[in-house]
Amino acid sequence: RDDDDINDVASMAGVNLNEESARIMATNSDLVGTQIQSCKDEPFLAAIPLHKRILETAKKLGITDVPAEVVTFISHATQNRLRTVIEKVTVITQHRMESYKDDEWYEQATDVRSQLKFFEQLERLEKQRKDEQEREILLKAAKSRSRQEDPEQARLKQKAKEMQQQELAQMRQRDANLTALAAIGPRKKRKLDAPGLLTVGGEGVGLCGGSQAGLGTASPRQYPRQKITRVNLRDFIFYMEQEREMSRSLLLYRALLK
């Protein structure tokens, strides 16, 4: 008996196993007597077309019989693989959509958009300068009154005449637009009805509540807008480039050609 007391760790720690068992049974009393059943094993893919496809592939390898368990296993494997692909591509898309402008731990090093705007402005100024030079040349050619004109001079005069006609047509169109806008009058923006106001005869009447005022308009229930993650082809190409099995696949090559 002394040896049993020494080897009994529960009694040495002062734990009564009978009391602990009764306490556990009292805590989980709602689970006692319940039956737990497994869910029905539903395949992810259609069994009959998948079985035919597997048999076509198996016949090339000399296999004539494929049991139904193999079809179910391949269906579940396809579902798991598709879930993994969707999860990884979703993470890639979320990283692409993240903005670090307001993050205090990031500092902007370059601004490509401002650089592109600057180059576009330079191109616009250069085009404007060339147009002004061409305009001066055409005006000088139109004002020249030389009797012996070469074909180049005649072409410049004709081009100057067409340019003046085009500018005159643009001025007339601009004047017509301004006249039409003046006739219509200033456009007034429609004011949105403020919440808690009921419009009566063009005037706003405040309402404290539907039960107190007696005149209540049922406000439309605001449902939270679900955030949609849109995956594009570039995200999927990036995923395939990172995967070892797909980095040299024909599918990646076809995606890069699109």
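Residues numbered from 1 in each chain as written. Predicted model: local features only at pLDDT ≥ 70, side-chain atom pairs only at ≥ 80, totals over all residues. Heavy atoms only, no water.

- An unreviewed UniProt entry lists the protein chain under the name TAF4 factor, with Machaerirhynchus nigripectus given as the organism.
- The UniProt entry for the protein chain carries this comment under Sequence similarities (unreviewed entry): "Belongs to the TAF4 family."
- In its Subcellular location (unreviewed entry) section, the UniProt entry covering the protein chain states "Nucleus". (UniProt positions renumbered as here; feature names shortened; annotations may be inferred.)

Some words on helix 5 (residues 68–97)
Piece 1. An ideal rise of 1.5 Å per residue puts 44 Å on 30 residues; helix 5 measures up with 44 Å between its terminal C-alpha atoms.
Piece 2. All of the buried residues along helix 5 are Val 71, Ser 75, Val 85, Val 89, Ile 92 and Thr 93. (Helix = DSSP H or I, 4+ residues; strand = E, 2+ residues; numbered from the N terminus. Expected span 1.5 Å × (residues − 1). Buried < 20%, exposed > 50% of the residue type's maximum accessible area, 1.4 Å probe, protein only.)

Description of the packing of aromatic side chains
Piece 1. Counted by the stated rule, this structure contains two aromatic pairs.
Piece 2. Aromatic side chains Phe 236 and Tyr 239 sit 5.9 Å apart centroid to centroid with 40° between the ring planes, which places their arrangement in the tilted category. Highlighted residues: Phe 236 and Tyr 239, both in helix 9 (residues 233–242), separated by three residues, approximately one helical turn.
Piece 3. Its relative accessible area of 1% is what places Tyr 239 among the buried residues. (Phe/Tyr/Trp six-rings, centres within 6.5 Å; stacked < 30°, edge-to-face > 60°.)

Re the nonpolar core
The nonpolar side chains of soluble globular proteins are, as a tendency, buried together.
Piece 1. Core analysis: the biggest nonpolar cluster contains nine residues, these being Val 85, Val 89, Ile 92, Ile 237, Tyr 239, Met 240, Met 246, Leu 252 and Ala 255.
Piece 2. Of all the elements in the fold, those that place two or more residues in this core are helix 5, helix 9 and helix 10 (250–257).
Piece 3. Each residue touching Tyr 239, except ones within four places of it in the same chain, is listed here: Arg 81, Val 85, Lys 88, Val 89, Ile 92 and Met 246. (Core = buried A, V, L, I, M, F, W, Y, C linked by side-chain atoms within 4.5 Å. Contact = heavy atoms within 4.5 Å.)

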